[in-house]
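Here's the letter readout for the chains.
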Amino acid sequence: MRHSDTEQSTDGQLRGVDTHAHLNMAPLKKDIHGAVARAGQAGLDFIGNVFLSPQQYRSDSPAFEHLSEVFFILGVHPHGADAEDESSIAELSEILQSDSRIRALGEIGLDFNRERSSRQGQRERFRQQLELARELDSPVVIHSRDAEEETMETLLDMGFRDRPLLWHCFGLDAAFASRILDCGWTISVPGMLTFKKADTLRHAVSTIPLERLALETDCPFLAPEPYRGKTNEPALIPYIAEVAARTHGLETEAMMRATAATAQRFFGLVKREESG
């Protein structure tokens, strides 16, 4: 399932990518086409839509049938771990192998903040999905909240050092970013980067090489300033890019393109040729 580097740059450089969105969630679900159109106007070529379970994929993916700008990420989210079982993992495997729009297995991991599923259930689903990712040679997208040490320990125990892995919604410090980078992984940062008290995160981003840095909205959550508290959407990526750019001494457009190139390599994205 992994996508070779040779197919990633054939159609030119991308302008921008939102690597993590939930367009099938309210309130964006009622205007998916509008959100995708606004993203294009804001300079994005691709949006990664994340489905949190096989059931959600089955019910919601048809809404994206004619939206080639959207690629898919699919996995069992830790919040839903207790509601899924081995049959769900088998179904997940079937879907991953049947839909080429799915570019990674995710978001998977551990969430000890809200604990909507038991810790043991989360651990079981996480390891089962990591085993599946190895079997299918699939990139993975990681969700980790208040569970970073155990998440890291699990990934290393499962042999994921130097495998294609994107650490989603990164909000930690430079020291932890360095640990992620030392494992050969990629880091995606959300709108929290723009928050007034996010100096620690901004410093961390300044230490991440551009070829390992991606941007995401995690919409409809975590809208960047000046839209904090409102509904987030992919069209707001430039606000995140602007702040990320300042940490690297770049212009916003340069950061958009650099992080898009990271996403293009990681997910194997191919830009369509413009028709005459």
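Predicted model only: the values in this text are computed from it and were never measured.

1. A short note on the confidence of the model for the protein chain
- Averaged over the protein chain, the pLDDT score is 94; the fraction of residues at 70 or greater is 95%.
- Note that residues 1-11 has pLDDT below 50 and, in this model, 32 contacts with residues that lie over four places away or in other chains.

2. Overview of the pairing of strand E5 (residues 140-145)
- Taking burial as the measure, the 6 residues of E5 include 5 buried ones, the bulk of the element.
- Pairing geometry for strand E4 (residues 102-111) and E5, over 6 bridges, is parallel. In the sheet register, Gly106 faces E5, and the bridge partner there is Val141.
- Running through helix H4 (residues 119-136), the crossover from E4 to the neighbouring parallel element E5 is right-handed.

3. Observations regarding the nonpolar core
- With 67 residues, the main nonpolar core has Leu23, Leu155, Phe160, Trp167, Phe170 and Trp185 as its most contacted residues.
- With 6 residues, the single largest contributor to this core is helix H8 (residues 237-248).
- Beyond its immediate sequence surroundings of up to four residues, Leu23 is in contact with Leu28, Lys29, Ile32, Ala35, Val36, Ile47, Asn49, Phe64, Cys219 and Pro234.
- Grouped together as the second largest cluster of nonpolar side chains are 17 residues, Met25, Val50, Ile73 and Leu269 included.

4. Comments concerning the environment of Phe64
- Note that Phe64 resides in the loop between helix H2 (54-60) and strand E3 (70-74).
- Overall, the relative accessible area of 0% leaves Phe64 in the buried class.
- Sequence spacing of Phe64 and Val36 is 28 residues, and the spatial spacing of their C-alpha atoms is 9.9 Å.
- When neighbours within four sequence positions are excluded, Phe64 is seen to be in contact with Leu23, Asn24, Ile32, Asn49, Phe51, Val70, Phe72 and Arg101.

5. Points about the packing of aromatic side chains
- Under the defined criterion, the tally for this structure stands at 10 aromatic pairs.
- Ring centres of Phe46 and Phe71 lie 6.4 Å apart, and the angle between their planes is 65°; this geometry places the pair in the edge-to-face category. In this pair, Phe46 sits in strand E2 (residues 46-51) while Phe71 sits in strand E3, placing the two residues 25 residues apart along the sequence.
- Taking 6.0 Å as the distance between ring centres and 80° as the angle between the ring planes, the aromatic pair formed by Phe51 and Phe64 counts as edge-to-face. With Phe51 in strand E2 and Phe64 in the loop between H2 and E3, this pair connects stretches of sequence that are 13 residues apart.
- Residue classification places Phe51 among the buried positions, given a relative accessible area of 0%.
- A network of ring pairs unites the aromatic residues Phe46, Phe71, Phe266 and Phe267 as a single cluster.
- In this structure, Arg119 is placed above the aromatic ring of Phe112, and the distance from its NZ or CZ to the ring centre is 4.1 Å.
- Above the face of the Phe195 ring, Arg228 is positioned so that its terminal group lies 3.7 Å from the ring centre.

6. Here we look at the packing of helix H5 (residues 148-157) against helix H6 (residues 174-182)
- Running from N to C, H5 and H6 point in directions that differ by 10°, and their axes come no closer than 12 Å. The orientation of H5 with respect to H6, classified from their angle, is roughly parallel. Note on element contacts: H6 touches H5 through Phe176, Arg179 and Ile180, opposite Glu148, Glu149 and Met152.

7. Some thoughts on the packing of helix H7 (residues 199-206) against H8
- Look at H7 against H8: their axes get within 8 Å of each other, and the N-to-C directions meet at 65°. Crossing geometry of H7 relative to H8 is assigned as right-handed. Residue-level contacts link Arg202, Val205 and Ser206 of H7 to Val243, Ala244, Thr247 and His248 of H8.
- When its residues are assigned to classes, the contact of H7 with H8 shows 3 nonpolar, 3 polar and 1 charged.

8. Some details on the sheet that holds strand E8 (residues 213-215)
- Read from one edge of the open sheet, 8 strands run E1-E2-E3-E4-E5-E6-E7-E8, paired in parallel fashion. The two strands at the open ends of the sheet, each matched to only one other strand, are strand E1 (17-21) and E8. For this sheet, the mean inter-axis angle between neighbouring strands, taken without regard to orientation, is 30°.
- In this sheet, E3 lies alongside E2 in parallel orientation, the contact comprising 5 bridges.

Rules of the game
- Residues numbered from 1 in each chain as written.
- Predicted model: local features only at pLDDT ≥ 70, side-chain atom pairs only at ≥ 80, totals over all residues.
- Heavy atoms only, no water.
- pLDDT = per-residue confidence, 0-100.
- Contact = heavy atoms within 4.5 Å.
- Buried < 20%, exposed > 50% of the residue type's maximum accessible area, 1.4 Å probe, protein only.
- Helix = DSSP H or I, 4+ residues; strand = E, 2+ residues; numbered from the N terminus.
- Pairing = 2+ DSSP bridges.
- Right-handed = clockwise from strand over helix to strand, strands pointing away.
- Core = buried A, V, L, I, M, F, W, Y, C linked by side-chain atoms within 4.5 Å.
- Phe/Tyr/Trp six-rings, centres within 6.5 Å; stacked < 30°, edge-to-face > 60°.
- Lys NZ or Arg CZ within 6 Å of the ring centre and 35° of its normal.
- Axes fitted to C-alpha atoms, helices over the stretch in contact; angles between N-to-C directions.
- Parallel < 35°, antiparallel > 145°, perpendicular 65-115°, else oblique.
- Left-handed = near helix turned anticlockwise from the far one by under 90°.
- Nonpolar A, V, L, I, M, F, W, Y, C, P; charged D, E, K, R; others polar.

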